[in-house]
Amino acid sequence: MTLLSVRDLEVRHGLLRAVRGVSFEIAKGETVAFVGANGAGKTTLLRSIAGAHLPVGGSIAFAGADVTHVPAYLRVRSGIALVPEGRRLFADLSVTENLLLGRAARSRGPWTFDTVMDALPQLRPIHNSLAKNLSGGQQQAVAIGRALMTNPSLLLLDEISLGLSPVAVDGVYAAIRKLIAMGTTIVLVEQNLDRAVAVADRLICMLEGSVVLQGRSGGLERARITEAYFGLAASASPAGAHV
Amino acid sequence: MIWAAQILQGVLLGGYYALIACGLSFMFSVMGVINLAHGSFAILAAFALWVLAEYLGISPLYGLVVVLPAMALLGVVFQRFVLERSSRAGFLIPVLSTFGLSICIDNILFQHFGADTRSLAPFLDDLSYDSWEPLGGVFVGKLSAYIFLAAVALLGGLQLFLSRTFLGRAIRATAADHDTVGLVGIDARAINTYATAIALVTVGIAGAALAMRATFSPYAGGPQLIFAFEAAVIGGTGSLWGTLLGGVVLGVAQSIGAQLNPQGFLIAGHAVFLIVLVARTLFGRLSDLLLALLTSKATG
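Since we're looking at a predicted model, the values are computed, not measured. (Residues numbered from 1 in each chain as written. Chains lettered and ligands numbered in written order. Predicted model: local features only at pLDDT ≥ 70, side-chain atom pairs only at ≥ 80, totals over all residues.)

## Structural notes on the overall build of chain B
Along chain B, the regular secondary structure elements total 10 helices and two strands. Shown N-terminal to C-terminal, the secondary structure of chain B runs as helices and strands in the order α-α-α-α-β-β-α-α-α-α-α-α. The globule rule puts the C-alpha radius of gyration for 300 residues at 19 Å, and the 20 Å found for chain B is close to it. Considering only C-alpha atoms, chain B reaches an extent of 70 × 45 × 35 Å along its principal axes. The 300 residues of chain B split such that 46% are buried. (Helix = DSSP H or I, 4+ residues; strand = E, 2+ residues; numbered from the N terminus. Rg over C-alpha atoms; globule rule 2.2 N^0.38 Å. Buried ≥ 20, exposed ≤ 12 C-beta atoms within 10 Å, placed from the backbone.)

Here you go:
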């Protein structure tokens, strides 16, 4: 069953076409990773799905409803949650306060304050600490927890390993594996190809705003992904090669 | 004993300044808007209470039951039709819009009520002049003391509201990152509207306090805005208890100035404001310089 359907999406940053005619579908329960070099348009694409950027063309349908022009806060209430690049926590609020803000989504589901604490046990001893005093890994866990508190049907994770130590990245990915095991639909943007391949069912490679390669994680050759990643291969066509 | 009495009067006057400053500080910290119509809104609330008392015989304290919700409603309209629209054009336009609005409010009040000064004191019976004598020769006006207590209660209530309620946390989150709150399901537009409504309710309370303890006229908004601004800056904008401290420092400075010289009331207040401003800039630069020196030594 298709949960998210993106058709011919066009997003601009001023005169720059950051996303160019991107189309894809994501099924319920699937984990899809967007990979690509800096400036490929991955973050802009994810932010457009979350409603933080409004597209100039194309459409986004979520759970059968067109959400292309729906504001971000209503998309959260309909079940789309984004863990943004750089965490974007509310620095002067405590961990608990950051998490409780997720209740604004007013959606029902398995995620409550207690279940989030169970899934991310590293947050329990620091629940009264201010977000600005936490380490990068702890902040990332809070950002994921805050998104889970909205009880999302679709969780968007943007560059969650950026700036973290290898140990912290391991912790964050352990939490993601738990979420995948629970059947959460996840779309992640990741520059670390090995991490992306390890957790995703499907890989979509972007270059200069377009999809240049997509396929099952296990079905794509590493060399081909690398070529598409850096735009080295002639086969990396803008239409997107399927495997 | 005279000095003790003056300082005490200054502390109590500071309660009023904290009342009028807290709305200004609240709007600046949440929305980043400097509302230059702040003083005019306080005078508008004062006139509304005066009209209710003069023409309908409603005591100013009961009049607050009508005026404060009306101020909240005015805050909603003010946010939706002035601040929200003008803020789309950048930081400066809301400031200019509120400046224009203050001129409109002042002149509409002048057209309707003339230049006469008015007060709510005649409608308060003996509360307007009654006092206690806690020490021999030192008198404390009951109204001034109640206004000070109202300021403490209001600031404490706002502090509790911001830290303990969902709406309070959402307001703090919106103040910290206006764009990201949408990503957790919070409607920043609605939050700004609530915040403006709350700010105007506090302005209404401040306007009532001013009209009860002193006189007011249509053009009295400007000086009240300056006092509010000074108290907020001395105490540190965005800090509620800092606003109370700022109000008290301003009030005590004015009282001491008035004791030293009959013309010294305003001058002393402005002087303390300037001293605090210069000290902040100077110490800020000194700490930056120290940090730069330490960093350069550390990097060798």
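## Some remarks on the interface of chain A and chain B
Listed per partner, the contact involves 24 residues of chain A and 14 residues of chain B. Mapped onto the side of chain A that touches chain B, the elements with two or more residues apiece are α2 (72-78) and α3 (95-100) of chain A. The dominant element in the side of chain A that touches chain B, judged by the number of residues it contributes, is α2 of chain A, at four residues. Residues belonging to the side of chain A that touches chain B are distributed by class as follows: 15 nonpolar, three polar and six charged. (Contact = placed C-beta atoms within 7 Å. Nonpolar A, V, L, I, M, F, W, Y, C, P; charged D, E, K, R; others polar.)

## What to know about the sheet that holds strand β2 (residues 16-27) of chain A
Picture the strands of a sheet paired through backbone hydrogen bonds; they go either parallel or antiparallel. Residues and elements named next belong to chain A. The strand order across the open sheet formed by four strands is β2-β1-β4-β5, and the pairing between neighbours is antiparallel. Across the chains shown, the open sheet's two edge strands, defined by having one partner strand only, are β2 and β5 (65-66). With nine bridges connecting them, strand β1 (residues 2-13) and β2 associate as antiparallel partners. For Leu 4, the partnering residue across the bridge sits in β2 and is Ile 26. Contacts between helix α1 (residues 42-50) and the sheet are confined to β1, β2 and β4 (57-62), with β2 contributing the most and set at about 65 degrees to the helix. (Pairing = 2+ DSSP bridges. Axes fitted to C-alpha atoms, helices over the stretch in contact; angles between N-to-C directions.)

## Structural notes on the pairing of strand β10 (residues 210-216) of chain A
Successive side chains on a regular strand alternate, one facing one side of the sheet and the next facing the other. Residues and elements named next belong to chain A. The sheet contact formed by strand β9 (residues 202-207) and β10 spans six bridges and is antiparallel. Paired with Met 206 across the bridge in β10 is Val 211. Taking the residues between adjacent antiparallel strands as the criterion, β9 and β10 are bridged by two residues, where Glu 208 takes a positive phi near 50 degrees.

## Comments concerning the confidence of the model for chain A
All names here are of chain A. Scored by pLDDT, chain A has a mean of 87; 95% of the residues are at 70 or more. Summarising per-element confidence for chain A, the mean pLDDT is lowest in strand β11 (residues 241-242) (46) and highest in β4 (95). Scored below 50 in pLDDT, residues 234-243 makes 21 contacts in the model with residues more than four places away or belonging to other chains. (pLDDT = per-residue confidence, 0-100.)

## A short note on the environment of Gly 204 of chain B
All names here are of chain B. Structurally, Gly 204 can be placed in helix α7 (residues 188-213). Spatially, the C-alpha atom of Gly 204 lies 8.2 Å from that of Leu 44, the residues being 160 residues apart in sequence. Excluding residues within four positions of it along the chain, Gly 204 makes contact with Ala 45, Val 67, Leu 68 and Met 71.

## A few points about helix α9 (residues 240-260) of chain B
Over its 21 residues, α9 of chain B extends 30 Å from the first C-alpha to the last, a length consistent with the 30 Å expected when each residue adds 1.5 Å. Within α9 of chain B, 15 of the 21 residues are buried, leaving the element largely enclosed by the surrounding structure. (Expected span 1.5 Å × (residues − 1).)

## A few points about the pairing of strand β6 (residues 80-83) of chain A
Residue and element names in this part refer to chain A. The side-chain alternation of β6 yields two buried faces, one formed by Ile 80 and Leu 82 and the other by Ala 81 and Val 83. Two strands pair when backbone bridges link them, and β6 and strand β7 (residues 154-158) are joined in this way by four bridges, in the parallel orientation. What sits directly across from Val 83, in β7, is Leu 157.

## Thoughts on the packing of helix α3 (residues 60-87) of chain B against helix α4 (residues 92-113) of chain B
Residue and element names in this part refer to chain B. Axis separation between α3 and α4 bottoms out at 8 Å; the angle between their running directions is 150 degrees. When the axes of α3 and α4 are compared, the pair comes out roughly antiparallel. For the pair α3 and α4, the sense of crossing is right-handed. Across from Val 82, Leu 83, Ser 86 and Ser 87 in α3, the residues of α4 making contact are Ile 93, Pro 94, Ser 97 and Leu 101. (Parallel < 35°, antiparallel > 145°, perpendicular 65-115°, else oblique. Left-handed = near helix turned anticlockwise from the far one by under 90°.)

## A closer look at helix α8 (residues 222-230) of chain A
Residues spaced three or four apart along an α-helix face the same direction, because each turn holds 3.6 residues. Residue and element names in this part refer to chain A. Residues Ile 225, Ala 228 and Tyr 229 constitute the buried set of α8. Buried residues of α8, viewed axially, fall in a sector of 105 degrees; they line one side. Those residues of α8 that are buried lie in contact with β3 (31-35), α7 (193-199), β9 and β10. Immediately downstream of α8, the backbone of Gly 231 shows phi near 70 degrees, a positive value. (Arc of directions from axis to C-beta.)

## A short note on the packing of helix α2 (residues 38-56) of chain B against helix α8 (residues 221-235) of chain B
Residue and element names in this part refer to chain B. For the pair α2 and α8, the least separation of the axes is 7 Å and the interaxial angle reads 120 degrees. With respect to each other, α2 and α8 are oriented oblique. With respect to the hand of their crossing, α2 and α8 are arranged in right-handed fashion. Every residue of α8 that contacts α2 at His 38, Gly 39, Ser 40, Ala 42 and Ile 43 is listed here: Gly 221, Gly 222, Gln 224, Leu 225 and Ala 228. Within the contact of α2 with α8, the residues separate by chemical class into four nonpolar, six polar and no charged.

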